[in-house]
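Residue-level listing of the chains:
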Amino acid sequence: KMVKKERKRQNKKLAIAQQVKINKKSSEKRVALGIKAPKPGTSLSHIKNKQKRSRLVHLMRTEKKKVKSKFRRDRREAEARGEEVERGIPVTTDMKREQDETIVPPDDSEVEDDEALDEFNKYFMGGKTPKLLLTTQRKPSAKLYDFLKELIHVIPNTFYYPRRDFQFKKVCEYAANKDFTDVLLFHENKKVIQGVYITHLPEGPTSYWRITRLKMGAEMKGGATCNSTHNPELILNNFTTRLGRRLGRQLAALFPQRPEFRGRRNVTFHNQRDFVFFRHYRYGFVNEGTKCRLQEIGPRFTLKCRYLQHGTFDAKQGEYEYIWRPDSQVSRKRFFV
């Protein structure tokens, strides 16, 4: 096996060296004959020989890269000389977002009045402190336990209860009787964490979020330790629609609304294209507080809301406020959150 692998490496090196020689010879021949490389965007479909056509396509792409690099180099030199240089605005998918009538304008009194009567208003007014119950599916793996250990330090006033053989509805009833405000149930598939159910008590709503790209704080190189004795500062970005504001308020209601800045902790939920990125940082002040840098504590993961259900968890007769389906987001420029 080792001999075969070594032969493959040598053959690959020889093929690369041979192709370099061929490209060099062809470029020298073109220079000698005064033939220029095809301009970017030139159609080469009239060339029937596949090898010649692919060689010309390679030359065309190389020429395009040279033009771009020369343009950037000239722009950098002009900026170094102090000249004014116009920089274009990059066109992103967010800028091409389709217009949505549910986007909430700033200072919308009607939406603010509705939010003043919803299930989360008493937490934002400081009338109640969140108290969370964490649980899992039956027979969780060791990795899920490690994730919950870190999450308990991230969210204040959080308690873990083993699932055993209780149904999720019974767990919600028990938590409501014990004055818990939210229940978070994590589940996994083949020892890979899949998602979380968040049920607000006592009257809902319930949301289900898919979890992807999870990285523990213990796996981060140069990560900071978590000081869980202080309440973190909470930041929510880009929850602009009616649905987004409702989901954002549910996520924000998991944390106390009185941050303790002495702890220098920051928890961020950043929404971009309906993916919510969770980050946990610590502020590091340098130069006597004139500058600040962020040191990640962890964990980090990405959330995607699959549905929002009115009331507590009810898989059979529940009334859904929102359900994500693949056919509902065929256009990549359409967002719901």
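Rules behind the numbers
Counting from 1, residues in each chain are numbered in the order their sequence is written. Given that this is a predicted model, residues contribute local features only at a pLDDT of at least 70 and side-chain atom pairs are listed and counted only at 80 or more, while totals for whole chains, interfaces and linings are drawn from all residues. Based on all heavy atoms of the structure, the side-chain values leave hydrogens and waters out of the count. Secondary structure elements are taken from DSSP: a helix is a run of H or I of four residues or more, a strand is a run of E of two residues or more, and numbering for both begins at the N terminus. The cut-offs for exposure are 20% and 50% of the maximum accessible area for each residue type, with area from a 1.4 Å probe on protein chains only; residues under the lower value are buried, those over the upper are exposed, and the others partly exposed. Contacts are assigned to residue pairs with any non-hydrogen atoms lying within 4.5 Å of each other. Areas reported as accessible are Shrake-Rupley estimates using a 1.4 Å probe. Residue values count occlusion only from the protein chains shown. When charges are counted, Lys and Arg are positive and Asp and Glu negative, with His and the chain ends excluded. Throughout, a charge is located at the NZ atom of Lys, the CZ atom of Arg, the CG atom of Asp or the CD atom of Glu. The salt bridge criterion pairs a side-chain nitrogen of Lys or Arg with a carboxyl oxygen of Asp or Glu, the two atoms within 4 Å. Residues enter a nonpolar core if they are buried and are Ala, Val, Leu, Ile, Met, Phe, Trp, Tyr or Cys, with the set joined through side-chain atoms within 4.5 Å. At least two bridges found by DSSP between two strands are what make those strands a pair. Look down the strands so they point away from you; if going from the first strand over the helix to the second traces a clockwise path, that crossover is right-handed. What makes a patch is a set of residues exposed beyond 30% relative accessible area and free of salt bridges, joined within 9 Å when like-charged and within 5 Å when nonpolar (Val, Leu, Ile, Met, Phe, Trp, Tyr). Two rings from Phe, Tyr or Trp (for Trp, the six-membered ring) form a pair when their centres are within 6.5 Å of each other. A pair whose planes differ by under 30 degrees is stacked, one over 60 is edge-to-face, and the rest are tilted. Under this definition, polar contacts are N or O atom pairs within 3.5 Å; protein pairs additionally need one hydrogen-donor-capable and one acceptor-capable atom, and for neighbouring residues in sequence, both atoms have to be side-chain atoms.

Enquirer: Give a description of the overall build of the protein that names residues and reports values.
Expert: When helices and strands are tallied, the protein shows seven helices and 11 strands. In terms of principal-axis extent, the alpha carbons of the protein reach across some 85 × 60 × 50 Å. A buried classification covers 35% of the 337 residues belonging to the protein. Within the protein, residue pairs in contact and separated by at least 24 positions form 64% of the contacts whose partners lie at least 6 positions apart. Surface accessibility of the protein: about 22,700 Å² in total, with carbon and sulfur atoms responsible for 51%. Averaging the coordinates of the 73 positive side-chain charges in the protein and doing the same for the 40 negative ones gives two points 17 Å apart.

Enquirer: Break down the pattern of salt bridges for me, citing the residues and quoting the values.
Expert: All told, the structure shown has 15 salt bridges when counted by the stated rule. The partner of R81 in a salt bridge is E83, and the shortest N-O contact between them spans 3.1 Å. One salt-bridge network, in which partners are shared between bridges, spans E115, D118, R245 and R249.

Enquirer: Describe helix α7 (residues 242–252), with residues and values.
Expert: Each α-helix turn comprises 3.6 residues. Residues three or four places apart therefore point the same way. With nine of its 11 residues buried, α7 lies for the most part within the structure. Of the positions making up α7, those classed as buried are L243, G244, R246, L247, G248, R249, Q250, L251 and A252.

Enquirer: Can you tell me about the nonpolar core, naming the residues and giving the values?
Expert: Nonpolar side chains in soluble globular proteins tend to be buried together. Judged by nonpolar contacts, the single largest core of 34 residues is most densely connected at F147, L184, F186, W209 and F269. Of all the elements, helix α5 (residues 142–154) adds the most residues to this core, at five residues. The next biggest cluster of nonpolar side chains, apart from the first, holds 13 residues, and it includes L133, V183, L185 and L201.

Enquirer: If you had to explain the pairing of strand β1 (residues 132–136) to someone new, which residues and values would you point to?
Expert: Among the five residues that make up β1, five are buried, leaving the element largely enclosed by the rest of the structure. In β1, alternate side chains face the same way, and those of L132, L134 and T136 on one face and L133 and T135 on the other are all buried. As judged from the three bridges shared by β1 and strand β2 (residues 158–160), these two strands associate in the parallel manner. Residue pairing in the sheet places L134 in a bridge with Y160 of β2. The handedness of the β1 to β2 crossover, carried by α5, is right-handed. Alignment of β1 against strand β3 (residues 182–189), held across five bridges, turns out to be parallel.

Enquirer: Can you lay out a negative patch on the surface for me, pointing to particular residues and giving the numbers?
Expert: Side chains of D107, E110, E112 and D113 sit close together on the surface and give a patch of like negative charge. In this fold, E112 is placed in helix α3 (residues 109–115).

Enquirer: With reference to specific residues and values, describe a nonpolar patch on the surface.
Expert: A cluster of nonpolar residues, F159, Y161 and Y174, forms a patch on the protein surface that exposes about 270 Å² of accessible area. With respect to the helices, strands and loops of the structure, Y174 is situated in helix α6 (residues 168–177). Look at Y174 and you get partly exposed, because its relative accessible area is 37%.

Enquirer: Explain the packing of aromatic side chains residue by residue, including any values.
Expert: Across all of its chains, the model carries 17 aromatic pairs by this definition. Pairing Y283 with F285 gives two aromatic rings, centres 6.2 Å apart and planes at 35°, and the pair type is tilted. On the numbers, 5.8 Å between centres and 50° between planes, the contact of Y322 with F336 is tilted. With Y322 in strand β11 (residues 319–323) and F336 in the segment after β11, the pair connects residues that are 14 residues apart, well separated along the chain. Taken individually, Y322 and F336 each receive the classification buried, so the pair is uniform in this respect.

Enquirer: Just give me the short version of unusual backbone geometry, but keep the residues and values in it.
Expert: That bond from L201 to P202 is cis: its omega, 5°, falls within 30 degrees of zero. Summarising the element assignment, P202 is placed in the loop between β4 (192–200) and β5 (206–215). A cis amide bond links G204 with the next residue in sequence, P205, at an omega value of 10°. Topologically, P205 is positioned in the loop between β4 and β5. A positive phi angle is found at K191, which is not glycine, with a value near 65°. One can find K191 in the loop between β3 and β4.

Enquirer: How would you explain the side chain of N271 if you had to name every residue and give the values?
Expert: Relative to the helices and strands, N271 is located in strand β7 (residues 265–272). Residue class for N271 comes out buried when judged on its relative accessible area of 5%. A polar contact of 2.8 Å, which involves the side chain of N271, links it to the backbone oxygen of N238.

Enquirer: Can you explain the pairing of strand β6 (residues 233–237)? Please cite residues and give values.
Expert: When β6 meets β7, the two strands line up parallel, connected through five bridges. Bridged to I235 within β7 is T268. Regarding topology, α7 serves as the crossover connection from β6 to the parallel β7, and that connection is left-handed.

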